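This is what each chain is made of:
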Amino acid sequence: MADPIIAGLGVVALMGAAATIAGAAEDLESDVGSMSNPNSQVQLAPQMGNLHRIFNKAVSGEPVQMGAWAGIAGSVAFVLINALQLPVIMSIAGGAAIAALVHVAFATTSHMGRIVSQSQFNQPLFMDVVTQHLGPIAGHGFIVTFSIVGLSYLMTLPLQGFAHPFPLPFLAVLWGITIGAIGSSTGDIHYGGEREYQQYPFGGGIPVAIHGDITRKAELGARNSMDVVYFCAKYGGPVTGFAFGAIVFFSFWSTVVGALAGSSGDTPLIWGTGILFVIIILLIIINNRIEVFAREKYGPYKE
Amino acid sequence: MDPLFLILAVTAGGIAIGGGVHFIPVGGAPAAIATATGVGTGTAMLAAGGGMTGLITAAAATSSPNLLLIMLAGAAGSALMLGITMLVGNWVYVWGVACVPSSAKVDVDPITKYEQSKYVTPGTEGHGIPTVCFVSGIIGGLLGGAGGGLIYYALYNSLATLPVYAALPGASISIFAATVAGIFALGVFFVNAVIASYNIGGTIEGFHDPKFKRLPRGILACLIASLVTGIVGYLLVLGGAF
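Residues numbered from 1 in each chain as written. Chains lettered and ligands numbered in written order. Predicted model: local features only at pLDDT ≥ 70, side-chain atom pairs only at ≥ 80, totals over all residues. Heavy atoms only, no water.

### Considering the packing of aromatic side chains
Here the structure, examined in full by the defined rule, presents 15 aromatic pairs over all chains. With a centroid separation of 5.8 Å and 85 degrees between ring planes, the pair formed by phenylalanine 166 of chain A and tyrosine 152 of chain B is classed as edge-to-face. Residue phenylalanine 166 of chain A is located in the loop between helix H5 (127-155) and helix H6 (168-185), and its partner tyrosine 152 of chain B is located in helix H5 (residues 131-160); the two belong to separate chains. Residue phenylalanine 166 of chain A is classed as buried on the basis of its relative accessible area of 1%. For tyrosine 152 of chain B, a relative accessible area of 1% puts it in the buried group. Both rings, one in phenylalanine 23 of chain B and one in phenylalanine 207 of chain B, keep their centres 6.5 Å apart while their planes meet at 65 degrees; by these two values the pair is edge-to-face. Of the two residues, phenylalanine 23 of chain B sits in helix H1 (residues 3-23) while phenylalanine 207 of chain B sits in the loop between helix H6 (175-200) and helix H7 (215-238), which places them 184 residues apart along the sequence. Residue classification places phenylalanine 23 of chain B among the buried residues on the basis of a relative accessible area of 14%. Members of the aromatic cluster, connected to one another through ring pairs, are Phe166 and Phe170 of chain A together with Tyr152 and Tyr156 of chain B. Note that arginine 53 of chain A overlies the ring of phenylalanine 126 of chain A, its terminal NZ or CZ placed 4.8 Å from the centroid. (Phe/Tyr/Trp six-rings, centres within 6.5 Å; stacked < 30°, edge-to-face > 60°. Helix = DSSP H or I, 4+ residues; strand = E, 2+ residues; numbered from the N terminus. Buried < 20%, exposed > 50% of the residue type's maximum accessible area, 1.4 Å probe, protein only. Lys NZ or Arg CZ within 6 Å of the ring centre and 35° of its normal.)

So this is what it looks like as structure tokens:
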């Protein structure tokens, strides 16, 4: 029998790996569907006379959307595992597949609603854009919900440091909201701050004067959201995955690694929570070093 | 558990969440395109995302009878999520967009004393998350997570004493009480995050932002809303909501 702490660390590492994949896929889903805050520019573009072929489905906040999909997938998987006694992997895949179907219906109606509302600015609705983008949107969404429900299931296992009191569907909703908030805050900046304004010089923020003048030409033909994903998959997606993976990995140190200090009473929690506070202080220091690096490397803007 | 404690705990927790949201540097859509300082998402969304991680870590400490420890576990989880999110967000600003984290609201960073205005791209209101915003965000996460933990603890312990919410045979924790308390804490999080978001009115950089002076008004609104929510929470204990 393996040491329970070592086994627990193994499960945490597996959860972190699932979370990393989920985070990367979540950011790319929001890029191919233009889900998050950068979509404000896609919405603004036709009003500035810039007609486009970008997918546009941002009718809700990204965290709420991902919470809904993860919740649907978690609920269906929960029923399949407990009521129909199906194997866990098959049940989670079934739940993620149902969530993908709902996701496709949402993506279709929200894109059409968004684009049709801009017909007053002569923005056309391209049916090929709808059909071409639905596959990648549902595919990335499937990877996200499968990974999130998977890691939520691992959290409920009766192991030392786990056995979380929340049921699978609720955990899936909570992690879904969290991953949406992370994807919206990290990788989407690569889409909004760089990919949307690529015809302007690299190396600065986006001045208000050019808002709405998004890049509409691709390497070949008109740019669509698939071109956005090819670009963001090189940096924005992976770092989002790293962020969510690190959060899931470290948040379990409070119960798993804390057990190294002893297993009696509150000792593991006290030590584990203390470790988290040390990590938080380290994050402040690392962030400051990055700020100093940028100031020294890039320097001030010329007048 | 004393009903007054439950109502006061929900009220205090709501105030901590609402107050904490004011500390979190959010730039909304402008920040997502590197036109404003802060994290590039909405106030309520980021606060809720941080709060959810805090709720998960607080609930993982359910077996402990120590209220302070549950609040600290919630605070640590929430601050950890916000810290990693802000750090990785800065990676994208620095290496993906190639701009220097800087604020246009202050000339000098109050913590590091770094000059800000020269590093702001002309035509923008700053970009990225400089040290003062980062520290402010961590404080916001700590407050929000502690508030969420307090609400969870109070409702869990109120419900777990009821026969209908009793723990299953062989279990020390009532998963029914934990689930209802978790969903309730989630709801209180959203209520107070949205109220604070309205008070902030779009974007805020943290405690050094002039908008931070609106904090007392936001706290008052969160107090009233959380008091009402606390009374609804007591109805849950009475069984009136089922």
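Once the structure has been displayed, the description carries forward.
### Some words on H7 of chain B
Two residues of an α-helix separated by three or four positions point the same way, owing to the 3.6 residues in each turn. Residue and element names in this part refer to chain B. Under the 1.5 Å per step criterion, the end-to-end length of H7 is 34 Å for 24 residues, consistent within 8% with the ideal 34 Å. Every buried residue of H7 is accounted for by Leu215, Gly218, Cys222, Ala225, Ser226, Thr229, Gly230, Gly233, Leu236 and Val237. The inward-facing, buried residues of H7 abut H1, H5 and H6. Immediately beyond the C-terminal end of H7, within one or two residues, lies glycine 239, with a positive phi of roughly 90 degrees. (Expected span 1.5 Å × (residues − 1). Contact = heavy atoms within 4.5 Å.)

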